[in-house]
Amino acid sequence: MREAGGWWRRKSTPAKVETYTRWSFHFFAVIYVASIGLPVFGQVTGQLAVWLVLLVCAHALACAVTASRALDWTRGRREQPVRTLWLLGAVTAAVSVAVIGIAERGPHSDGLDMATGAVFVGVLTFGAGIGALGVRRRRRVLALVGGFAAGAVLGGFPLGHALPESLVTGVVVLIAAGFLAFTSVFSVWLLNAVYELDTARETRARLAVAEERLRFGRDLHDVMGRNLAVIALKSELAVQLARRGRDEAVDQMTEVQRIAHETQREVRDVVRGYREADLGIELAGARGVLTAAGIDCEVTGEPGGLPAEVQSALGWVVREATTNVLRHGDAKRCVVALRREGEQVVLTVENDGVLRSSGGAGGSGLAGLRERLAAVSGTLEARPVREGVFRLVAEVPVVAAEGVS
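The shown structure was predicted, so the numbers you read here are calculated from the model rather than taken from an experiment.

## Comments concerning the overall build of the protein chain
Link 1 in the chain: For the protein chain, the helix and strand inventory stands at 12 helices and five strands.
Link 2 in the chain: Within the protein chain, the proportion of its 405 residues that are buried is 41%.
Link 3 in the chain: As displayed, the protein chain has an accessible area near 22400 Å², and 61% of this comes from carbon and sulfur atoms.

## Let's talk about the pairing of strand E5 (residues 389-397)
Link 1 in the chain: With seven of nine residues buried, E5 lies mostly within the body of the structure.
Link 2 in the chain: Across eight bridges, the pairing between strand E3 (residues 344-351) and E5 is antiparallel. Residue pairing in the sheet places Gln 344 in a bridge with Pro 397 of E5.
Link 3 in the chain: Here strand E4 (residues 379-386) runs beside E5; their pairing, made up of seven bridges, is antiparallel. Bridging from a neighbouring strand, Thr 379 pairs with Glu 395 of E5.
Link 4 in the chain: Between E4 and the antiparallel strand that follows it, E5, lie two residues; Gly 388 among them carries a positive phi value of about 80 degrees.

## Observations concerning the packing of aromatic side chains
Link 1 in the chain: Under the criterion given, the structure shown has four aromatic pairs.
Link 2 in the chain: When the ring of Tyr 32 is compared with that of Phe 126, the centres are 4.3 Å apart and the planes differ by 15 degrees; the resulting orientation is stacked. Residue Tyr 32 is found in helix H2 (residues 13-37), and its partner Phe 126 is found in helix H5 (residues 110-131); the two are separated by 94 residues along the sequence. Here Tyr 32 matches Phe 126 in class, with each residue buried.
Link 3 in the chain: The lysine or arginine in question, Arg 319, covers the ring of Trp 316, its NZ or CZ lying 4.2 Å from the ring centre.
Link 4 in the chain: We note Arg 372 situated over the ring of Trp 316; from NZ or CZ to the ring centre the distance is 4.1 Å.

## Considerations on the sheet that holds E3
Whenever strands of a sheet pair, they do so through backbone hydrogen bonds, lying parallel or antiparallel.
Link 1 in the chain: Strands sit in the order E1-E2-E3-E5-E4 across an open sheet of five strands; the sheet is mixed. Pairing within the sheet leaves two strands with one partner each, and these edge strands are strand E1 (296-300) and E4. Strand-to-strand twist in this sheet, taken as the mean axis angle between neighbours without regard to direction, amounts to 15 degrees.

## Some points on the state of the cysteines
Link 1 in the chain: One pass over the structure, following the stated rule, counts zero disulfides.
Link 2 in the chain: In this structure Cys 297 is a free cysteine whose sulfur lies 5.0 Å from that of Cys 334, the closest cysteine sulfur available.

## Topic: the pattern of salt bridges
Link 1 in the chain: For the structure on display, the rule yields 14 salt bridges.
Link 2 in the chain: Across the pair Arg 22 and Asp 72 runs a salt bridge whose closest N-O atoms are separated by 2.3 Å. Note that Arg 22 is positioned in helix H2 and Asp 72 in helix H3 (residues 47-74), a separation of 50 residues in sequence.
Link 3 in the chain: Accessibility expressed as a relative area gives 16% for Arg 22, which makes it buried.
Link 4 in the chain: Here Asp 72 falls in the buried class, since its relative accessible area comes to 18%.
Link 5 in the chain: For Arg 77, the salt bridge goes to Asp 72, with nearest N and O atoms at 4.0 Å.
Link 6 in the chain: A single salt-bridge network, built from bridges that share partners, covers Glu 18, Arg 22, Asp 72 and Arg 77.

## Points about the packing of H2 against H5
Link 1 in the chain: Two elements in contact, H2 and H5, have axes separated by 11 Å at closest approach and are oriented at 170 degrees. Classified by the angle between their axes, H2 and H5 sit roughly antiparallel to one another. In this structure, H2 contributes Phe 25, Phe 28, Tyr 32 and Ile 36 to the contact, and H5 contributes Ala 118, Val 119, Gly 122, Val 123, Phe 126 and Ile 130.
Link 2 in the chain: In terms of residue class, the contact of H2 with H5 is built from nine nonpolar, one polar and no charged.

## A short note on unusual backbone geometry
Link 1 in the chain: Phi at Ser 377 takes a positive value of approximately 60 degrees, unusual for a residue other than glycine.
Link 2 in the chain: Note that Ser 377 resides in the loop between helix H11 (364-374) and E4.

## Here's the deal with H5
Link 1 in the chain: Taking 1.5 Å per residue as the helical rise, H5 with its 22 residues ought to reach 32 Å, and the 31 Å between its terminal C-alpha atoms agrees with that figure.
Link 2 in the chain: Judged by how many residues are buried, H5 sits mostly within the fold: 17 of 22 residues are covered.

Procedures and definitions
Residues numbered from 1 in each chain as written. Predicted model: local features only at pLDDT ≥ 70, side-chain atom pairs only at ≥ 80, totals over all residues. Heavy atoms only, no water. Helix = DSSP H or I, 4+ residues; strand = E, 2+ residues; numbered from the N terminus. Buried < 20%, exposed > 50% of the residue type's maximum accessible area, 1.4 Å probe, protein only. Areas by Shrake-Rupley, 256 points an atom, 1.4 Å probe, with all protein chains shown as cover. Pairing = 2+ DSSP bridges. Phe/Tyr/Trp six-rings, centres within 6.5 Å; stacked < 30°, edge-to-face > 60°. Lys NZ or Arg CZ within 6 Å of the ring centre and 35° of its normal. Axes fitted to C-alpha atoms, helices over the stretch in contact; angles between N-to-C directions. Disulfide = S-S within 2.5 Å. Salt bridge = Lys/Arg side-chain N within 4 Å of Asp/Glu carboxyl O. Parallel < 35°, antiparallel > 145°, perpendicular 65-115°, else oblique. Contact = heavy atoms within 4.5 Å. Nonpolar A, V, L, I, M, F, W, Y, C, P; charged D, E, K, R; others polar. Expected span 1.5 Å × (residues − 1).

Here is the structure:
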């Protein structure tokens, strides 16, 4: 049981929805056999009952295969299963004709009439409903359902039904097949929507990273562009003055040296602002982002009193851990705890989503965090602690950090 549960938890949310959708349609085949096929044994005896049940089972198997291939086509894993759809239509027609033949040639009894009528309606209903999975346009779905309902009306005459009874049979098939077709179309729409939402979330995360890179590049351009232009201009002026033996060339080169030092300082300020992260802001942001993503987030501890270097390093830990929970796991709950243990400050981030990709212990993001923590004599540990639970622990000695500052 533990392995089965772990298999389910390792799946992403879209993969869970797809698995649920697939097995729902396979379960429809079981319901089909249980509700239409098995009751035949209570209405008909002998070989006729066996043949009717076998026909229902064969049609249910064709429906299950069609549903599986149609869902693969929906997810873009294969071409539209046109041959499978035609095969399902042929099987549906063949089973319907066989049921009509059994009704005509079998012994006349109320039990046989009820059994063949139920099987006839069930075959047409499930044939139309499952066939709608492989059709994308609404008009074609309506035409499919309408065509099977018309077939039910025409097939009622060989079964011995009068015109009113045949019309009632057609209406029953129209309603039942329409409901099942609507369920199929809605399930496909929901599955595609879940995958699109997951893709949009990943795209939003990549855009956030790209936006931050653009901001950093823009800041560097603003600092470097103007100063380098001035340096180039004054260097050319100094060259011309030096060729003429003018003493002002030394003044111009001194100014170039001053601007170069000022540029270095400004670049360091830009990089420092990019690298520093406020721990309090990051903790509040983690709670807000995770809650908005539907993850129950609990944050405990206050960063007040910690050195700026410690807050910056741990702020980056919170930022990277939050990103990993959102992008690489399927968490339902996340706990972020900040506490002091003697001369150590400990940050723990624990979630119940199993990491699926680069967020693991060897990921490049965590490697960067270890480098940041090493600058303040800190350590980082990231690993699964029990089934389905991942924990990240960062420890920084406060005394060492205060000495560095």
